[in-house]
Amino acid sequence: MESIKNIISVKINGIDVSIEKGTTILEAARKINVRIPTLCHHEDLCVAGNCRVCVVEVEGAKNLTASCAAPCEQNMVIKTNTPKVRSARKDLIALLVSEHNTQCTTCYRSTNCELQALASEYNVDNNTYLSVLKPGIQVDRSSWSIEKDDSKCVRCQRCVRTCAELQHVNAITVAHKGKDMKISTFMDLPMNEVVCVNCGQCIIHCPTGALTERRYFDDIWEAIGDEKKHVVINTAPSVRVAIGEMLGYAPGAHVTGKMVAALKKIGFDSVLDTNYTADLTIVEEGTELLGRLKSKIKDEDDSVALPMITSCSPGWVKFIEHMYPEHLAHLSTCKSPQQMFGALAKTYYAEKIGVKPENIVSVAAMPCAAKKFEANRPEMKSSGYQDIDAGLTTREIGHMIKQAGIDFSEISDSDFDSIMGDSTGAAIIFGATGGVMEAALRTAYELITGRDVPFDRLNIEPVRGLEGIKHAAVKLENCLEAYSFLEGVELRVAVAHGLKNARVIMDQIKDGTSPYHFIEIMACPGGCIGGGGQPIPTNDKVRMERIKAIYEDDADCKLRKSHENPEIKQIYDEFLKDGPLGHKSHKLLHTHYTKRNRY
Amino acid sequence: MTKTDMMVKELVDKYGSKRESLLPILQGVYDLEHFVSDEAMVSIARNLDLSSADVYGKSTFYSFLDTIPRGKFVIRVCKTIVCDMHDKNQIVDTLENILKIKVGETTLNRKFSLLYTNCLGWCHKGPAMLINDDVYTDLTPETIREIITDYKNRE
Ligand code: SF4
Ligand code: SF4
Ligand code: SF4
Ligand code: FES
Ligand code: FES
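Residues numbered from 1 in each chain as written. Chains lettered and ligands numbered in written order. Predicted model: local features only at pLDDT ≥ 70, side-chain atom pairs only at ≥ 80, totals over all residues. Heavy atoms only, no water.

### Observations regarding the overall build of chain B
Thought 1: Within chain B, the regular secondary structure consists of seven helices and four strands.
Thought 2: The N-to-C order of helical and strand elements in chain B reads α-α-α-α-β-α-α-β-β-β-α.
Thought 3: On the principal axes, the C-alpha backbone points of chain B span a range of 50 × 30 × 25 Å.
Thought 4: The contacts of chain B with a sequence gap of at least 6 include a subset with a gap of at least 24, amounting to 61%.
Thought 5: Counting only carbon and sulfur atoms, one obtains 51% of the accessible surface of chain B, whose full area is about 8300 Å².
Thought 6: Considering chain B, the positive charge centre built from 20 side chains and the negative charge centre built from 23 side chains are found 1 Å apart. (Helix = DSSP H or I, 4+ residues; strand = E, 2+ residues; numbered from the N terminus. Contact = heavy atoms within 4.5 Å. Areas by Shrake-Rupley, 256 points an atom, 1.4 Å probe, with all protein chains shown as cover. Lys, Arg positive; Asp, Glu negative; His and termini not counted. Charge placed at Lys NZ, Arg CZ, Asp CG, Glu CD.)

The following block contains the structure:
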């Protein structure tokens, strides 16, 4: 019996624990709810063992042991909370504080900072060690998305591991050594000049305020206070299942109605739904996919790029622009739902409500740091104005709600405004990895065959969940007349999230071995629910809770296919009269990409 | 291909293009150019399929690599405690006087750079210094003068 041989037992604080061989002391302790403090450790990342805040006493060992890095051994006797352990931890934390630009009163991460929490838990007296903070450290605010303040860095390297292990970008690195060691880009260039894709994953893995998103909410408060301005906000699907965490709720709490009500209280003139343009994306992108399939299969036009890949994740878009610039033709030309929304807010919507577009301030509430960069791309001005004036993260929205003095738990539900507030279950699931694919298949299969996609209750389980790369195949049979060229074709699709998985998919395309027709890629692990603008902490447990909430919302919807959204039918009747991919939609809803340098 | 690309290509042919080839390649570049330029780092990153930030991180980690252009002869004076107690300051003063540069600088003719280094393992014969790969120990202002004059005459 192999499995029994691999079970060992240890004693932690007098309690016997049986664990599998290879389990670290930290994991074993967590199993019995013994909390050991950590700093450089993050469950998404490989072990670094550089901060030593997690030290424990192991009987017989000469020195204290870093529990996050040390595997349990048979019959180990471990003590996690002795005076020796406590005083070592306190000293380590005090030393970190002595190098730190301790400015909690003015720091964005205050009350959500691991260093602050440790210092307070261990009652670190700031006078223990003289401050050795290096003078003259400048904050890097060159990027639209990421703010880097080395004076608040504890050099745990969680960001470097994130950028390398999860995202395969390696925009940041550990440079120099000893007391000069710092987190740096290539040649210490400003963040906006390097390959950083703005995904913000380093932010949500940073324990302190050293990496944060560029904040724009003060500008929005200004706009709200300006009588002349009509301020609209569109909220992404993944924001509603996470915003609760900023306001005292457990991960995955359903607080959509409260969020809408709070945004109205804050003073937004209209609270609309990014889900509306998510539905629109499906109709446009589905049409584009069918067009490409037709050219390739029926017209045998080999210049058409297949597989087609989704383009709603701006971190992913910048990644392919840097890393695979020769393969940009595979990207769908569809703008992301945020940018479609922006282009319509200052045209269609402005016309409808009779407000001049120059007086509209259009804001997006996003789970994402890269959306800030995307909003500021020079090509995103198809309404004649900047389509989206500001992209705010879930965290920024949480702050605004707190700043407004709103009691979130007391507030009662409110509905999205109209127009551009209606949506379907297919749009909500955009927030989870696999969601865009599932929504696209629900619509495309029905367009092609006239029937529901052949999965129980429309739930396309194979593309759901946290597996890094997921696949599905759907056989197309009894196609409608117009799509007879697809008769018998097996439509093969894949879903990848986290840019390390995107690389696997792209390398297949590069080698000419990709077996797929259509691929969904999201830059962030878990999709948007795990985005770089989401509440901290984010880990797999939290991701699963948010995903669960997303699919529950979808199941509760009456309409669960994008093309059934009545407001979508309306916009094609009234405004985008030449249909999906028509002239007007081309101008407003589609975009082009830029080749960028990898080095 | 630029001159830098050609140099890197030769080193890659010699040491391979795996990640573990990075250090010998960086050392090779250093031997030829006395520093690792940003152009060389990008070229190495391209050849080894690494990010340029990664190459920069490695280049700045090792004391015997450098990302700032240095002179042909790099003088590294030990600053660690034993040499310090053996009056390393006098040695540095003498070098600064002869070369007319401060620690961290390079002479105008790009012949000498003056830097500090950590313990060289010659504590028992301190003060000690390195000029490129050669060690000089038991230094006094007089021996320093002789040594530098010798190097001044070298090409
Ligand atoms: S990073 Fe944390 S400890 Fe540092 S100033 Fe901000 S809140 Fe305080
Ligand atoms: S935002 Fe993303 S790409 Fe940029 S440094 Fe952070 S993890 Fe790397
Ligand atoms: S920036 Fe943040 S994550 Fe990166 S090393 Fe510093 S404290 Fe750690
Ligand atoms: S958390 Fe274990 S060494 Fe940092
Ligand atoms: S202290 Fe100078 S060589 Fe060791």
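Right, picking up where we left off after that structure.
### Some words on the site of ligand 3
Thought 1: Around ligand 3, 13 residues are found, and the nearest of them are C153, C156, Q157, C159 and C206 of chain A.
Thought 2: Across the shell around ligand 3, the residue classes tally to nine nonpolar, two polar and two charged. (Near = heavy atom within 4 Å. Nonpolar A, V, L, I, M, F, W, Y, C, P; charged D, E, K, R; others polar.)

### Some remarks on the sheet that holds strand 4 (residues 134-136) of chain B
Adjacent strands of a sheet form backbone hydrogen bonds with each other and so pair up, either parallel or antiparallel.
Residue and element names in this part refer to chain B.
Thought 1: The strand order across the open sheet formed by four strands is 2-1-3-4, and the pairing between neighbours is mixed. Only two strands of the sheet have a single partner each, and these edge strands are strand 2 (112-117) and strand 4. Looking at each pair of strands side by side, their axes are set apart by 25° on average, direction ignored.
Thought 2: Examined bridge by bridge, strand 1 (residues 73-78) and strand 3 (residues 129-131) share three bridges and lie antiparallel to one another. (Pairing = 2+ DSSP bridges. Axes fitted to C-alpha atoms, helices over the stretch in contact; angles between N-to-C directions.)

### What to know about a nonpolar patch on the surface
Thought 1: A cluster of nonpolar side chains, namely I81, V82 and M85 of chain B, defines an oily patch on the protein surface of about 320 Å² accessible area.
Thought 2: Here I81 of chain B lies in helix 5 (residues 81-85). (Patch = residues over 30% accessible without salt bridge, like charges linked within 9 Å, V, L, I, M, F, W, Y side chains within 5 Å. Salt bridge = Lys/Arg side-chain N within 4 Å of Asp/Glu carboxyl O.)

### Considering the interface of chain B and chain A
Thought 1: Contact residues are listed per partner, giving 17 residues for chain B and 16 residues for chain A.
Thought 2: Contact between chain B and chain A buries roughly 1400 Å² in total, counting both sides, with carbon and sulfur atoms accounting for 58%.
Thought 3: Along the contact surface separating chain B from chain A lie one salt bridge.
Thought 4: The residue D49 of chain B makes a salt bridge to R598 of chain A at a minimum N-O spacing of 2.8 Å. (Buried area = accessible area lost by both parts, 1.4 Å probe.)

### Topic: the site of ligand 1
Thought 1: Contacts to ligand 1 come from H100, N101, Q103, C104, C107, S110, C113, Q116, K152, T208 and G209 of chain A.
Thought 2: Grouping the constituent residues of the shell around ligand 1 by class yields three nonpolar, seven polar and one charged.

### Points about helix 4 (residues 52-61) of chain B
Thought 1: Along helix 4 of chain B, eight of the 10 residues are buried, which leaves the element largely enclosed by surrounding structure.
Thought 2: Inspection of helix 4 of chain B places S52, A53, D54, V55, Y56, G57, S59 and T60 of chain B among the buried residues, and these make up the whole buried set.
Thought 3: Against strand 7 (173-175) and strand 8 (182-184) of chain A together with helix 2 (22-33) and helix 3 (38-48) of chain B lie the buried residues of helix 4 of chain B. (Buried < 20%, exposed > 50% of the residue type's maximum accessible area, 1.4 Å probe, protein only.)

### Focus on helix 4 (residues 114-121) of chain A
All names here are of chain A.
Thought 1: For helix 4, the full list of buried residues reads L115, L118 and A119. Looking straight down helix 4, one finds that the buried residues subtend no more than 95° of arc, so they occupy a single side.
Thought 2: N123, located one to two residues past helix 4, shows a positive phi value of around 50°. (Arc of directions from axis to C-beta.)

### Notes on the packing of aromatic side chains
We describe a pair of aromatic rings using the distance from one ring centre to the other and the angle between the two ring planes.
Thought 1: Scanning the model with the defined rule gives 10 aromatic pairs over all chains in all.
Thought 2: Considering the side-chain rings of W316 of chain A and F319 of chain A, the 6.3 Å spacing of their centres and the 35° angle between planes classify their relative orientation as tilted. Of the two residues, W316 of chain A and F319 of chain A both sit in helix 12 (residues 314-323), three residues apart, roughly one turn of that helix. Both residues of the pair, W316 of chain A and F319 of chain A, belong to the buried class.
Thought 3: Taken together, F73, F112, Y136 and Y151 of chain B form an aromatic cluster joined through their ring pairs. (Phe/Tyr/Trp six-rings, centres within 6.5 Å; stacked < 30°, edge-to-face > 60°.)

### Observations concerning the pairing of strand 16 (residues 490-497) of chain A
All names here are of chain A.
Thought 1: Burial of strand 16 is extensive: six of the eight residues sit out of reach of the surface.
Thought 2: By the bridge criterion, seven bridges tie strand 15 (residues 469-475) to strand 16 in an arrangement that is antiparallel. Within strand 16, the residue paired with K475 across the bridge is E490.
Thought 3: Sheet topology places strand 16 next to strand 17 (residues 518-522); five bridges connect them, and they run parallel. Looking at the pairing, V493 lines up with F518 of strand 17.
Thought 4: As for the winding sense of the linkage, the β-α-β connection from strand 16 through helix 18 (residues 499-511) to strand 17 is right-handed. (Right-handed = clockwise from strand over helix to strand, strands pointing away.)

### Some thoughts on the sheet that holds strand 14 (residues 390-393) of chain A
Residue and element names in this part refer to chain A.
Thought 1: Strand order across the open sheet formed by four strands is 11-10-13-14, with parallel pairing between neighbours. Since the sheet does not close on itself, it has two edges, and those belong to strand 11 (270-273) and strand 14, each with one partner. On average, each strand axis in the sheet is tilted by 25° relative to the strand beside it, whichever way the strands run.
Thought 2: Across the sheet, helix 13 (residues 337-353) touches strand 10 (230-235), strand 11 and strand 13 (360-366), and the angle it forms with strand 13 is around 145°.
Thought 3: Its contacts with the sheet put helix 15 (residues 394-403) on strand 10, strand 13 and strand 14, and the angle it makes with strand 14 is roughly 80°.

### Some points on the packing of helix 11 (residues 274-298) of chain A against helix 17 (residues 435-449) of chain A
Residues and elements named next belong to chain A.
Thought 1: Between helix 11 and helix 17, the shortest axis-to-axis distance is 9 Å and the interhelical angle comes to 60°. Looking at the two axes, helix 11 sits oblique to helix 17. Considering the relative orientation of helix 11 and helix 17, their crossing is right-handed. Along the contact surface, helix 11 presents I282, E285 and L290, while helix 17 presents V436, A439, A440, T443, L447 and I448.
Thought 2: Considering only residue class, the contact of helix 11 with helix 17 consists of seven nonpolar, one polar and one charged. (Parallel < 35°, antiparallel > 145°, perpendicular 65-115°, else oblique. Left-handed = near helix turned anticlockwise from the far one by under 90°.)

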